[in-house]
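# Chains, contacts and geometry: an overview
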Amino acid sequence: MAKIVGSILTSHVPAIGRAIAGGLQGDPYWKPLFDGYPPVQKWLQEVKPDVVVILYNDHGLNFFLDKMPTFAVGAAPSYQNADEGWGIPTLPAFPGDQDLSWHLIEELVEKEFDVTTCQEMLVDHAYTLPMKLLWPNAGDSWPVRTVPVCINTVQHPLPSAKRCFKLGQAVGEAIRSWDSDARVLVLGTGGLSHQLDGERAGFINKEFDLAFMDSLVKDPAWATQYSVDELIEKTGTQGIELLMWVAARAALGTDASSARLLHSNYHIPISNTAAGLMLFDSQD
Ligand code: DHB
Ligand code: FE
């Protein structure tokens, strides 16, 4: 059976793509963000996952307001990036793993998560930039296969943290029951606190972010006590992307003993966003 090697949680700000393209990693503005990633890159070189299941939220590139699935799973042979209009260069296509995709889809539907299946899927900065931060030297070919699991954070109603926690748990169980000797990484991208528009544009809540990060170590279900509206109040309209972190942590297990924190970083602001990073290895 497949093994989950760990889980990485990271923010995904489009401006990071421009910073990478411009070689600004050592610039004083960017250094505190980029300095967070080398320990994670080193761990990946040692652990060598074969596949990455990526929990992320699309921002209007693949799904738009006319058709918005709550949960969607990619089942394509590969996933193409495209220009989103942020001025960031597009990246080479990401190889898929259709065997894992269909196993995930079957297991999730069996567990009453009626996911939308996508045999074609464009992936945006929430998918591409974390991958580039984890494998900066990938060049034209990624060293891992990928499977997208997309959670709606764009059009209300959004799924609750409680539901996303259960989704993550089901994703973890599905990976562990996959008849394969593959080593699988779970990557969750989004958050932390940020609000891009409206009266609270620029809103960041460091106190809540740090409490949330701490909860993923000590009590992974902590955020499920809050409704979507409460989380938006605490973290900003787009801070709700932390749902991805809730789900990706739950894939390792539902209590503190299921994962060990190996590394974390937190820096504010990057663009309008609190940029966080956590690496957990699995205690399976
Ligand atoms: C920003 C952050 C995001 O998560 C996003 O999807 C788009 C923009 C920002 O802070 O600029
Ligand atoms: Fe985002």
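Calculation notes
Residues numbered from 1 in each chain as written. Chains lettered and ligands numbered in written order. Predicted model: local features only at pLDDT ≥ 70, side-chain atom pairs only at ≥ 80, totals over all residues. Heavy atoms only, no water. Phe/Tyr/Trp six-rings, centres within 6.5 Å; stacked < 30°, edge-to-face > 60°. Buried < 20%, exposed > 50% of the residue type's maximum accessible area, 1.4 Å probe, protein only. Helix = DSSP H or I, 4+ residues; strand = E, 2+ residues; numbered from the N terminus. Lys NZ or Arg CZ within 6 Å of the ring centre and 35° of its normal. Donors = N, O, S within 2.8 Å, 3.2 Å for Na, K, Ca; no water.

Turning our eyes to something else, we now look at the packing of aromatic side chains. Applying the stated criterion to the full structure yields 11 aromatic pairs. Between the aromatic rings of W30 and F34, the centroid separation amounts to 6.0 Å while the plane-to-plane angle is 55°, which identifies the pairing as tilted. On the accessibility criterion, F34 (10% relative accessible area) is buried. With centroids separated by 5.1 Å and ring planes inclined at 70°, the aromatic side chains of Y56 and Y127 adopt a geometry described as edge-to-face. Taken together, the residues Y56 in strand β2 (residues 51-56) and Y127 in helix α5 (residues 125-134) connect sequence positions 71 residues apart. The pair Y56 / Y127 is uniform in exposure class, with both members buried. Among the aromatic residues, those joined into a ring-pair cluster are Y56, Y79, F94, Y127 and W142. The aromatic ring of F203 is capped on one face by R200, whose charged end is 4.2 Å from the ring centroid. For R249, the ring lying beneath its charged end belongs to F280, and the centroid distance is 5.2 Å.

With that out of the way, let us pick up the coordination of the iron ion (ligand 2). Taken together, H12 (NE2), H59 (NE2) and E241 (OE) make up the protein donors of the iron ion (ligand 2), found 2.1 to 2.2 Å from the metal. Expressed as a motif, the donor residue spacing for the iron ion (ligand 2) is H-x46-H-x181-E. Taken together, the residues H12 in the loop between β1 (3-10) and α1 (15-21) and E241 in the loop between α8 (228-235) and α9 (243-250) connect sequence positions 229 residues apart. We note that H12, like E241, is buried.

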